[in-house]
Structure formats: C-alpha cells, structure tokens
Amino acid sequence: LEVQFEDDDVLSFFHYEWLHRNRPENIQSSGQNEQSAWVTVPHGQKSAVLFDDGRTLSLKWTEDSTATSHYTAAYLCHNSYSNTQLQRLSSARRTAPLCDNTAVVMLEYQSVMGGDEGVRVWLETLARDGMCVIQGVPTQTDEVSKVAQRCGPVMHSIYGLQWDVKVEVNPINIAYSPVSLDLHQDLAYYESPPGLQLLHCLRFDESIQGGATTFVDGFAAAEKLRSTNPDAFKTLTEIPATFQKIHYDRAEPVHLVYRRPHISLNNDGEVIGVFWAPSFEGALLAPRERVPEYFRAYRAFANILEGRQDNGEARDGGNDGKIRIRLKPGQMVTFSNRRMVHGRDSFSEVASGGRHLQGCYLTIEVFANRLRVLQNSARALDNRDPGYPIPRIADQDHS
C-alpha cells in the first residue's frame, strides 16, 4: 500500500503484513499487541479509503468480510519505514562529540530537585552531551541517591546501592586508592552495565594535589578510530574482549565474566555501544591468527582514548585532550557510563587533607524511560505512538 503524506514528496510503502500486525484494534490500553504471532494476512482483494479529511486511512481486509482497520495518518507517518524516513530518524538521534571542559553544562541542584521540568532539562542534557555537573548540592551523605531518585530507582550492584570513593586500606576496588585510573567504564563485565553514574563531592581539600576526574567521549573516539584506522575499527567490532571481575577475598565474593567486542554497531554500521575497561579485562579468547590483529587495534584505540601518539608516547606539551574536572564540595558530576569513559589523575593525600566522593548508578532503562515520559507527557499520545526520538544513549538500540 503506497501512501503520500502532506509536505513530504517521498512515497511511503506499507506491506500488508506490517499493517495487519499493527492493527489498532489489537493494541490494548496497556500497549500490548494481542495478536498471535502465527496469524496471517487474510487472502483476497483489499480496499483502502481515506476519510476525516485525509487524517485516517480505513483498510478493508477482504471484499467478503466486514473486518476493517483504521490507521491515523500521524501513526503511519511516524512509523514510516521508507529509506528517507529511516535516514531522518537516524540523523535525529546522532549526538555531537563532547570535546572540552567549556562544553560541560552546569545545572543547579534546586532546579533538578524542584520539579519535573528541571529533571527533564537534566536528562536531556545527559542524552545530548553525555555528562553535566549539578552544583549547589548539600554536602551531606546520601544526597547522591536523592538526586538519582529524581530519575528513578537506584541500581543495585556488587557495591550496593551507594558507595564511597575514598582512600582505604586493602581496597576492594582500585578506585578506593590514590593512584591514577586509566579511562574506563564501570561494570563492563555486566550484561547490562550501568546507564548513568553520579558522583557527589563531599570533601576535596585544597591541600590535595591532583585527583581531577577525567572524561572522554567514547563514541567520538570510536568514530575517530574508524576514520583514521578503519581496519582496527573493524577488528574491534568483531573480536570479543573478555571483561571480568573475579574477587573472592571480600564479604560477598564476585565471579562475573562477559565477552563482547569493544565497539557495537547497528544494522547500518553506526556506533551504538562502546565497552572499555582495561583494569577489568581477562584473557583474550580469539582465533590464534587474529590475536596480533586484535592487540594492534586495541593499542590504536587506547592511544586515541588516552590522547597519546601512535607509538604510545605522550603528546608534546602533555595535552591529552581529556575533559578534566576537579570537583568541589557541593558539586555532583552525572554522566553516561555507556558513552563517556572516565578516569582520575593520581593524587597525594596528606595528613590534614581528604578526598571523599559518594556515588551510585541508574540503569539505562530507567534513564530512557524517565526521559521519554517527561518529553512526551504533554502530548496526547495513544498507546501505539513511540513519541519523540531521543538521542542515542548508548543502550545498543538499533534505531
């Protein structure tokens, strides 16, 4: 069935199988499709009629039956799968790279906590930029979870619902020490790593040297690898790395292992996922003829992420291109754990000084759901309308 939409010079084609599967009368108020998977399109001549000034299409499934389905023009337009429409959707979801500190948005605590409009702005900023800083946060324990709950339930992980980042003796995580942290994503050994991470600065004394939190846009780095070294890019989309956390000497032992490529693509070859955690990588399991190829590609990507020369040496002048934020007490950095890789400069903790951050996670589903609800709540959506497209949030959604 060919359909021409107003203000669009491109014809949209809808297969009868598609139309039959998406019959409005089969969609329950809960959004569920009650049609069984094995039901087929009725045989026979079909007829389509426009009414309501072209705003509704009525499709009669056979001449000998009264079975008729009614599709709104808005529904068909929004779900058109013409090549042009699919390209428009893909373009609408692309994000611009976040490259320097000046681009990091600062938001106010009172705005985020004061109402849904502030939450919407916060989440839209995270979806667009990958990170932002909330300032004016009370320097009290548990505030990080209170802010997170403005989006949704806090994610429980092997570190609990909330955790403290400060120097410990015999830490269960290298982050609980003063050493530098290479760029990484948290919990890359999970099947579904955290979507958002929040870090609230409770204390960061001026006497401490170093300790800035570092960030790089992992999606932008992957695209740079694609343009400068396409063979390495292809390798990292094909050969799975081993991500693992195996730690028995702790109150609750952990043994998690997950294999996947460092870069995930959709069916159009666009980057929809990046996975990077050098400190939590186990033995590579790959065909022996591809092992050298993998490590060449691995080093090429590492050099791009860490802002090093092709030979691994630091760049002249020491400019590594990372976003650096030395958090101040009362500031909370919130960022996409899927798109942004983060690290930390080493620091020296003196007897009179201290550095204490408190953090928590939100799942990618909680983030996407809350953002979509806030963006679409003012619209008269029916239970079949997917609503506004949101930017790619590194949830490996193929659209």
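Attention here is on the structure that accompanies the text.

What counts and how
Residues numbered from 1 in each chain as written. Predicted model: local features only at pLDDT ≥ 70, side-chain atom pairs only at ≥ 80, totals over all residues. Heavy atoms only, no water. Helix = DSSP H or I, 4+ residues; strand = E, 2+ residues; numbered from the N terminus. Buried < 20%, exposed > 50% of the residue type's maximum accessible area, 1.4 Å probe, protein only. Contact = heavy atoms within 4.5 Å. Areas by Shrake-Rupley, 256 points an atom, 1.4 Å probe, with all protein chains shown as cover. Lys, Arg positive; Asp, Glu negative; His and termini not counted. Charge placed at Lys NZ, Arg CZ, Asp CG, Glu CD. Disulfide = S-S within 2.5 Å. Phe/Tyr/Trp six-rings, centres within 6.5 Å; stacked < 30°, edge-to-face > 60°. Lys NZ or Arg CZ within 6 Å of the ring centre and 35° of its normal. Salt bridge = Lys/Arg side-chain N within 4 Å of Asp/Glu carboxyl O. Pairing = 2+ DSSP bridges. Axes fitted to C-alpha atoms, helices over the stretch in contact; angles between N-to-C directions. Core = buried A, V, L, I, M, F, W, Y, C linked by side-chain atoms within 4.5 Å.

### Focus: the overall build of the protein
When helices and strands are tallied, the protein shows 10 helices and 21 strands. If one aligns the C-alpha atoms of the protein with their principal axes, the spans along those axes are about 85 × 55 × 45 Å. Residues classed as buried in the protein amount to 47% of the 399 residues present. Within the protein, counting contacts between residues at least 6 apart in sequence, those at least 24 apart form 73% of the total. Here the protein has roughly 19,900 Å² of accessible surface; of this, 50% comes from carbon and sulfur atoms. Between the centroid of the 40 positive side chains of the protein and the centroid of its 50 negative side chains there is a distance of 3 Å.

### Concerning the state of the cysteines
Scanning the entire structure with this criterion turns up zero disulfides. Distance from the sulfur of Cys132, which forms no disulfide, to the nearest cysteine sulfur (Cys151) is 11 Å. Cysteine Cys151 is unpaired, with the sulfur of Cys360 as its nearest cysteine sulfur at 10 Å.

### Some remarks on the packing of aromatic side chains
As enumerated under the stated definition, the model contains 12 aromatic pairs in all. Between Phe14 and Trp18, the aromatic rings sit 5.2 Å apart at their centres with planes inclined by 45 degrees, giving tilted as the arrangement. When the centroid spacing of 5.6 Å and the interplanar angle of 50 degrees are considered together, the rings of Trp18 and Tyr81 count as tilted. Residue Trp18 is found in helix α1 (residues 16–21), and its partner Tyr81 is found in the loop between α2 (73–78) and α3 (83–93); the two are separated by 63 residues along the sequence. With relative accessibility at 25%, the residue Tyr81 sits in the partly exposed group. Taken together, Trp276, Tyr294, Phe295, Tyr298 and Phe301 form an aromatic cluster joined through their ring pairs. Over the ring of Tyr16 we find Lys46; its NZ or CZ atom is 5.4 Å from the centre of that ring. Positioned above the aromatic ring of Phe347, the side-chain terminus of Arg355 is 5.2 Å from the ring centre.

### Overview of the pattern of salt bridges
Inspection of every chain in the model, using the stated rule, returns 21 salt bridges. A salt bridge links Arg203 to Asp205, with the shortest nitrogen-to-oxygen separation between them at 2.8 Å. The exposure class of Arg203 is partly exposed, given its relative accessible area of 39%. Put simply, Glu306, Asp320, Lys322, Arg324 and Asp345 are held in one network by salt bridges that share partners.

### Regarding the environment of Lys224
Along the polypeptide, Lys224 turns up in helix α7 (residues 218–228). Taking the relative accessible area as the measure of exposure, Lys224 reaches 42% and is therefore partly exposed.

### Observations regarding the sheet that holds strand β9 (residues 181–184)
Ordered by their spatial adjacency, four strands build an open sheet running β9-β19-β12-β17, and the pairing between neighbours is antiparallel. If you trace the sheet from one side to the other, it starts and ends with β9 and β17 (323–325), each paired once. The mean inter-strand angle of the sheet, taken between neighbouring strand axes irrespective of direction, is 20 degrees. Here two bridges tie β9 to strand β19 (residues 340–344), and the two strands are oriented antiparallel to one another. Looking across to β19, one finds that Leu181 is bridged to Arg344.

### Some details on the nonpolar core
Counting residues in each nonpolar core, the largest one holds 57 residues, and the members touching the most others are Met131, Leu225 and Phe301. Top contributing element to this core by residue count: helix α9 (residues 291–305), with eight residues. Core analysis: the second largest hydrophobic core is formed by 29 residues, Leu123, Ile134, Cys151 and Val366 among them.

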